[in-house]
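# Observations on the model geometry
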Amino acid sequence: MNPQSEIPAATKRSEGGRNPQYRGRLAPSPTGLLHLGHARTFWTAQERARANHGTLVLRNEDIDSTRFKLEFVPQMIEDLRWFGFEWQEGPDCGGPFGPYSQSERRPFYAMALEKLRERDFVYPCTCSRKDIRDAASAPNAGDDEGPIYPGTCREKRKAESGKQKFCWRFRVPDGETISFTDGNCGEQKFVAGKDFGDFVVWRGDDVPAYQLACAVDDAAMGITEVVRGADLLLSTARQILLYRALGLAPPAFYHCALMLDENGKRLAKRHDALSMRALREQGKTPEELRRF
Ligand SMILES: [Zn+2]
């Protein structure tokens, strides 16, 4: 049986007068309190869905149980609603493409991994972080994914017997330029093997990696446009390779400029003072905050 056939594809239908040609999503992780930078990107996502009379999906990216905290989920949903976000499908309200929490979607990711293995797109890698760091020629990719993988385990085809931990890594087509037109940032080009290397699709601790979960879900949920922060431009190149390997059509992409703090640094979890929750407790109103 073709495992992919079990991933539901978006069907064309009109619900409540919504345009079936546009499905966007908000995909927060409940790893901490949402800050204003997230809110601004999500707001853009919502505005684009509204402008297109489309559907907005809330997807709870709680796949990484080592990082997310259960108590953050209701809080996250509460903060989003308070801020003025409105979605039509999500973990709290259901919908035709559920479940909408990644922790409940593991079978989809496992099927995708199986397909990548069958087609020889991935290989087991036993390198530790330190092994990769210590490899002489390991420049960093231009994002948060760390050093470009030096290719140590590339020719492995099977996980060796024994108890050594391994992850599954995607073998990128070295030298190929991955290009796409971003709805906000314009033409993008990244060279596989140079701008980014072989990336993890399934972690050594048996958790599906962000790249795989995200691509599988966007496809299965029929998302037509992904709106997210510009820190994920390189990840889009990786995900385009995953879509291709899995025989899926990629959505359109729209990457938003990141919000910076007063020192020109990207907002992060450490900016707790700018969490929606903190601002709300200080008496700010959603109307004030939406001026960004
Ligand atoms: Zn390795």
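All values derive from a computational prediction rather than experimental measurement.

### So, the pairing of strand 8 (residues 225-229)
Where a strand is regular, its side chains alternate between the two sheet faces. Within strand 8, five of the five residues are buried, which leaves the element mostly enclosed by the surrounding structure. Sheet topology places strand 8 next to strand 9 (residues 252-256); five bridges connect them, and they run parallel. Bridge assignment links Arg 228 to a residue of strand 9, and that residue is His 255. Traced from strand 8 through helix 6 (residues 233-246) to strand 9, the parallel crossover comes out right-handed.

### Quick word on the coordination of the zinc ion
Ligation of the zinc ion by protein atoms is provided by Cys 125 (SG), Cys 127 (SG), Tyr 149 (OH) and Cys 153 (SG), these donors lying 2.0 to 2.3 Å from the ion. One way to put it: the four donor atoms around the zinc ion meet at angles of 99 to 124°, and that makes the site tetrahedral. Taken in sequence order, the residues that donate to the zinc ion follow the motif C-x1-C-x21-Y-x3-C. Of this pair, Cys 125 sits in strand 3 (residues 122-125) while Cys 153 is found in the loop between helix 4 (129-134) and strand 4 (167-170), placing the two residues 28 residues apart along the sequence.

### Comments concerning the pattern of salt bridges
Applying the stated rule across the entire model yields 21 salt bridges. Measuring nitrogen to oxygen at the nearest pair gives 2.9 Å for the salt bridge that ties Asp 218 to Arg 25. Here Asp 218, found in helix 5 (residues 210-220), pairs with Arg 25, found in strand 1 (residues 23-26); they are 193 residues apart in sequence, far enough to count as distant. Across the pair, Arg 25 and Asp 218 agree in class, each one buried. Each of the salt bridges in this network shares a partner with another, and the network as a whole consists of Arg 25, Arg 59, Glu 61, Arg 105, Asp 217 and Asp 218.

### Considering the packing of aromatic side chains
Scanning the entire structure with this criterion turns up eleven aromatic pairs. A ring pair is formed by Phe 121 and Phe 170, whose centres lie 5.7 Å apart and whose planes are at 5°; its orientation type is stacked. With Phe 121 in the loop between helix 3 (106-118) and strand 3 and Phe 170 in strand 4, this residue pair connects regions lying 49 residues apart in the sequence. Taking relative accessible area as the criterion, Phe 121 reaches 29% and is therefore assigned partly exposed. One aromatic cluster in this structure is built from Phe 42, Trp 43, Trp 82, Phe 83 and Phe 85. If you follow Arg 81 out to its NZ or CZ, it ends over the ring of Trp 87, 3.9 Å from the centre. When the ring centre of Tyr 149 is taken as origin, the NZ or CZ atom of Arg 169, which lies over that ring, is 3.9 Å away.

### Here we look at the nonpolar core
Tyr 109, Leu 116, Phe 170, Phe 196, Val 201, Leu 212 and Leu 242 are the most contacted members of the largest nonpolar core, which totals 43 residues. Residue assignment for this core shows that the elements contributing at least two residues are helix 3, strand 4, strand 5 (177-182), strand 7 (199-202), helix 5 and helix 6. Residues Ala 45, Val 73, Phe 85 and Met 259 belong to the second largest nonpolar core, which totals 28 residues.

### Considering the sheet that holds strand 4
Ordered in space as 3-4-7, the three strands form an open sheet in which the pairing is antiparallel. Strands with a single pairing partner mark the edges of an open sheet, and in this sheet they are strand 3 and strand 7. The average undirected angle you get between the axes of adjacent strands in this sheet is 45°. Both strand 4 and strand 7 contribute to a ladder of three bridges, which runs antiparallel. By the bridge assignment for strand 7, Trp 168 is matched with Trp 202.

### Concerning helix 2 (residues 72-83)
Between the first and last C-alpha of helix 2 there are 16 Å, a value that for twelve residues agrees with the 16 Å anticipated at 1.5 Å per step. By the burial criterion, the buried members of helix 2 are Phe 72, Val 73, Met 76, Ile 77, Asp 79, Leu 80, Trp 82 and Phe 83. Gly 84 sits one or two positions beyond helix 2 and adopts a positive phi of about 115°.

What counts and how
- Residues numbered from 1 in each chain as written.
- Predicted model: local features only at pLDDT ≥ 70, side-chain atom pairs only at ≥ 80, totals over all residues.
- Heavy atoms only, no water.
- Buried < 20%, exposed > 50% of the residue type's maximum accessible area, 1.4 Å probe, protein only.
- Helix = DSSP H or I, 4+ residues; strand = E, 2+ residues; numbered from the N terminus.
- Pairing = 2+ DSSP bridges.
- Right-handed = clockwise from strand over helix to strand, strands pointing away.
- Donors = N, O, S within 2.8 Å, 3.2 Å for Na, K, Ca; no water.
- Tetrahedral: all angles 85-135°; square planar, octahedral: opposite > 155°, others 65-115°.
- Salt bridge = Lys/Arg side-chain N within 4 Å of Asp/Glu carboxyl O.
- Phe/Tyr/Trp six-rings, centres within 6.5 Å; stacked < 30°, edge-to-face > 60°.
- Lys NZ or Arg CZ within 6 Å of the ring centre and 35° of its normal.
- Core = buried A, V, L, I, M, F, W, Y, C linked by side-chain atoms within 4.5 Å.
- Axes fitted to C-alpha atoms, helices over the stretch in contact; angles between N-to-C directions.
- Expected span 1.5 Å × (residues − 1).

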